Amino acid sequence: ADQLRADGTSVEVHACDVRDEAAMAALVERIDAESGPIEVLLHVAGVIQVGPLASLSRDDFREAIDIMLWGPINTALPVSARMLTRSRGRIGIVTSVGGLIAAPHLLPYSTAKFGATGFSRGLRSELAGTGVTVTTVEPGLMRTGSHLNAQFVGDQGPEFAWFSAADNIPLLSMDADRAAGQIVDAVLAGRAVVQPTPMAKLAGRVDALAPNLTALLLGTVTRLLPDAP
């Protein structure tokens, strides 16, 4: 908010937990009453746990699903209902290439993102012809410093090493500002899907053409990653 205000933009900030259905509905109502109708919604809240299945708990899955699947649902449903009354609106839901292909050592993340991808794409179909569009954002790795905020389980040092390296390799990841520009343009244009990183475009196509080969490659990569201690 401070960065945007320094650029001369008017910004209001409201803290809310996307896992809390009632709180989200109340926030949408409050914004609508105080600031006017929401024209554009972008859901990007997320969490990522990195590690092997043996080191993950049910709570890891619950946290990921609550934030990255229930979060978009709790946010988009009250906003889209109000958009429908005006016959216009733009919604963008940031999922991931991890919602198309289950990435190694990211099982809770992929589980939630697969659900979010299905919800986002399905919501678009349900709202077709209403003037309200839903864009599913399916990026690969973006250089946003996510390795500094990820939760590492298992053999944490080696897990951090491989994840942080992959998160910063130019051929595997994309500059965050450039990705953000593509995401904003796609949402405002009402496009169905945007895959702003080259890896996302490539991975989805390879999996569609050769799913068994993709499964073999992912299994091989998983065996090369650190074991649970």
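Up top you'll find the structure we're talking about.
So, here's what we can say about the structure. (Residues numbered from 1 in each chain as written. Predicted model: local features only at pLDDT ≥ 70, side-chain atom pairs only at ≥ 80, totals over all residues. Heavy atoms only, no water.)

1. Here's the deal with the sheet that holds strand S1 (residues 40-43)
Then comes step 1: If you trace the 4 strands from one edge of the open sheet to the other, you get S1-S3-S4-S8, paired in parallel fashion. The outermost strands of the open sheet, each flanked by one partner alone, are S1 and strand S8 (193-194).
Then comes step 2: With respect to the sheet, helix H4 (residues 70-86) is in contact with S1, strand S3 (89-94) and strand S4 (132-137), its orientation differing from that of S1 by roughly 170 degrees.
Then comes step 3: The strands touched by helix H7 (residues 176-189) are S1, S3, S4 and S8; relative to S3, the strand with the most contacts, the crossing angle is about 140 degrees. (Pairing = 2+ DSSP bridges. Helix = DSSP H or I, 4+ residues; strand = E, 2+ residues; numbered from the N terminus. Contact = heavy atoms within 4.5 Å. Axes fitted to C-alpha atoms, helices over the stretch in contact; angles between N-to-C directions.)

2. Observations concerning the environment of Asp-60
Then comes step 1: Among the structural elements, Asp-60 can be located in helix H3 (residues 58-68).
Then comes step 2: For the pair Asp-60 and Leu-41, spaced 19 residues apart in sequence, the C-alpha to C-alpha distance is 27 Å.
Then comes step 3: Setting aside residues no more than four positions away along its own chain, Asp-60 makes contact with Gln-49, Ser-55 and Pro-108.

3. A short note on H4
Then comes step 1: Over its 17 residues, H4 runs 25 Å from end to end, which matches the ideal 24 Å to within 8%, given 1.5 Å per residue.
Then comes step 2: Listing the buried residues of H4 in full gives Gly-71, Pro-72, Ile-73, Asn-74, Thr-75, Ala-76, Pro-78, Val-79, Ser-80 and Met-83.
Then comes step 3: Buried residues belonging to H4 abut helix H2 (21-34), S1, H3, S3, helix H5 (107-126) and S4.
Then comes step 4: Directly after H4, the chain includes Ser-87, whose backbone phi takes a positive value near 60 degrees. (Expected span 1.5 Å × (residues − 1). Buried < 20%, exposed > 50% of the residue type's maximum accessible area, 1.4 Å probe, protein only.)

4. Some thoughts on the environment of Phe-160
Then comes step 1: Secondary-structure assignment places Phe-160 in helix H6 (residues 156-167).
Then comes step 2: A relative accessible area of 32% places Phe-160 in the partly exposed class.
Then comes step 3: The spacing of Phe-160 and Gly-51 is 109 residues in sequence and 9.2 Å in space, taken between C-alpha atoms.
Then comes step 4: Non-local contacts of Phe-160, meaning those with residues more than four positions away in its chain, are made with His-147 and Phe-152.

5. Focus on the pattern of salt bridges
Then comes step 1: Within this structure, the stated rule accounts for 7 salt bridges.
Then comes step 2: A salt bridge links Glu-34 to Arg-30; the shortest N-O distance between them is 3.5 Å. On the criterion of helical spacing, the pair formed by Glu-34 and Arg-30 is a turn pair, its members being 4 residues apart in helix H2.
Then comes step 3: Overall, Glu-34 belongs to the exposed group, its relative accessible area being 56%.
Then comes step 4: Across the pair Asp-32 and Arg-82 runs a salt bridge whose closest N-O atoms are separated by 2.9 Å. Linking Asp-32 in helix H2 with Arg-82 in helix H4, this pair joins segments that are 50 residues apart in sequence.
Then comes step 5: Residue classification places Asp-32 among the partly exposed positions, given a relative accessible area of 25%.
Then comes step 6: Arg-82 gets classed as partly exposed once you look at its relative accessible area, which sits at 28%. (Salt bridge = Lys/Arg side-chain N within 4 Å of Asp/Glu carboxyl O.)

These figures come from the coordinates and say nothing about function on their own.
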